[in-house]
Amino acid sequence: MRAQPDSYVVYGSVPWNTPRLTEQNLAASLGAIQRVLYVEPPITPATPFRFGLRRETRPLLRALVDRRVRRAGPVHAFRPLTLPPRGSALARRLSRPLVQAQVRWAVRRLRMRRPVALWAHANALRGAAREVLSVYLVKDWLEAGGALVGQSESEIAAARREMWDAADIICVTSTELQRTLRRRGYDSTLLKHGFHADLAELYDAPAPAEYRDLPRPLLAYAGRIDGRLDYDLLGEVADRRASGSIVLVGPVSPRVPKAALQRLAARPNVHLLGPRGRSELPPYLAAADCNLLPYEEGEWSRHGSPLKLWDYLYAGPPIVGTGYGALAEYPPPLVHFVSGADAVVEAIRSAVEEDDGREARRRLALENSWDVRASALDGLVHQAVAERAGPEAMARAA
């Protein structure tokens, strides 16, 4: 029987110590059952100096100088060096052997003998970890959101096809992504986002001080403030619920439509509070009267699923969402999924006045934690390895 994998190498699209995306959440939960190396996006010697002498420079300088594999909570993390400039295709091609060698060194350092590679984005480092199996995680329909990631649709599509062809397992975060890949000839497994169960007790903390003097009802959004949000819709809701408050909690993307955000923020009942750490955020959701998932309709949202949905569910208050078709899979009282300002305003009114779904929402969130997702992924990987080894090995694995 072929030996089963003993570890995971997770190639992340963002550094480890940033607000967690899907791959970071999976890596953290996988770390409870396997050894995990989280490979951060490569850094160039020039990267820290793009920001000048500012606070943002310090962690980048540390990453440049400290070449160790470091312990980062439940995982080990490592950031390879690459040649500048990162945006140059020639520099990336010349850097490939250098970055591959660094990843291989980190894998050896942790004595990973049969790792699984988990890719959260298209990458040229396939095989660097000498993985026994590769998993490609499709989180969004990037072809429809090139402006969000700063790449052209053709570049994204070519890189994605290459990864789909090379992956042993493709996992997707929504049923619509699964349908689209099937139409293109690729089988995939649905692996939805999950709830941060390790933070559950923090949802019972006191309401944030910023909420104390805000008029009610208080409508909250928590997450990245970027081009996915429907700013015109939020503005109309703010105008028609002028006696209440809208609160946006999260980092502002550098690619945000600035004029639209400025128009929204100019309203006296709209409050941008900035980002909060993952352990600080739960009471901002739990203490609201209604939590919003106010996304624009389009190809991106049709294929996607909001990462924060499960945290919203556990927080307790009713949820009103737009845009993301996946929200329709959770009928009221779990989520009020609607379209258009009239329907949103009415859904908010009825949800705030008549909601009785708090316990159902919390129960569903607890049943769908990131630990549950990681266990499902690990089982899928072990099954795939057993299938390769033949019927007898599959029987023993079962």
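So, here's what we can say about the structure. (Residues numbered from 1 in each chain as written. Predicted model: local features only at pLDDT ≥ 70, side-chain atom pairs only at ≥ 80, totals over all residues. Heavy atoms only, no water.)

### Regarding the pairing of strand β2 (residues 35-39)
Thought 1: Among the 5 residues in β2, 4 count as buried, and that is most of the element.
Thought 2: In the sheet, strand β1 (residues 7-11) pairs with β2 via 5 bridges, with the strands oriented parallel. Along β2, the bridge assignment pairs Tyr11 with Val39.
Thought 3: Both β2 and strand β4 (residues 75-78) contribute to a ladder of 3 bridges, which runs parallel. When the sheet's bridge partners are listed, Val39 is paired in β4 with Phe78. (Buried < 20%, exposed > 50% of the residue type's maximum accessible area, 1.4 Å probe, protein only. Helix = DSSP H or I, 4+ residues; strand = E, 2+ residues; numbered from the N terminus. Pairing = 2+ DSSP bridges.)

### Examining the sheet that holds strand β12 (residues 290-294)
Thought 1: With respect to topology, 6 strands assemble into an open sheet ordered β11-β10-β9-β12-β13-β14, the strand pairing being parallel. Unpaired on one side and paired on the other, β11 (270-274) and β14 (336-337) mark the two borders of the sheet.
Thought 2: The strands touched by helix α7 (residues 231-240) are β9 (218-222), β10 (245-249), β11, β12 and β13 (319-322); relative to β10, the strand with the most contacts, the crossing angle is about 145°. (Contact = heavy atoms within 4.5 Å. Axes fitted to C-alpha atoms, helices over the stretch in contact; angles between N-to-C directions.)

### Observations regarding the packing of aromatic side chains
Thought 1: Applying the stated criterion across every chain, the model contains 12 aromatic pairs.
Thought 2: Ring centres of Tyr295 and Tyr324 lie 4.5 Å apart, and the angle between their planes is 85°; on these two criteria the pair is classed as edge-to-face. Placement of Tyr295 in the loop between β12 and α10 (299-303) and of Tyr324 in the loop between β13 and β14 is noted, with a sequence separation of 29 residues between them. Considered together, Tyr295 and Tyr324 belong to a single accessibility category, that of buried residues.
Thought 3: The lysine or arginine in question, Arg362, covers the ring of Tyr314, its NZ or CZ lying 4.1 Å from the ring centre.
Thought 4: One cation-aromatic arrangement involves Arg373 over Trp310; the distance from NZ or CZ to the ring centre is 5.5 Å. (Phe/Tyr/Trp six-rings, centres within 6.5 Å; stacked < 30°, edge-to-face > 60°. Lys NZ or Arg CZ within 6 Å of the ring centre and 35° of its normal.)

### A short note on the pairing of β10
Thought 1: Counting buried residues along β10, 5 of its 5 residues qualify, which places the element largely inside the surrounding structure.
Thought 2: Bridging between β9 and β10 involves 5 bridges; their strand directions are parallel. Note that in β10 the partner of Leu219 across the bridge is Ile246.
Thought 3: With α7 bridging β9 and the parallel β10, this β-α-β connection has right-handed handedness.
Thought 4: Pairing geometry for β10 and β11, over 4 bridges, is parallel. (Right-handed = clockwise from strand over helix to strand, strands pointing away.)

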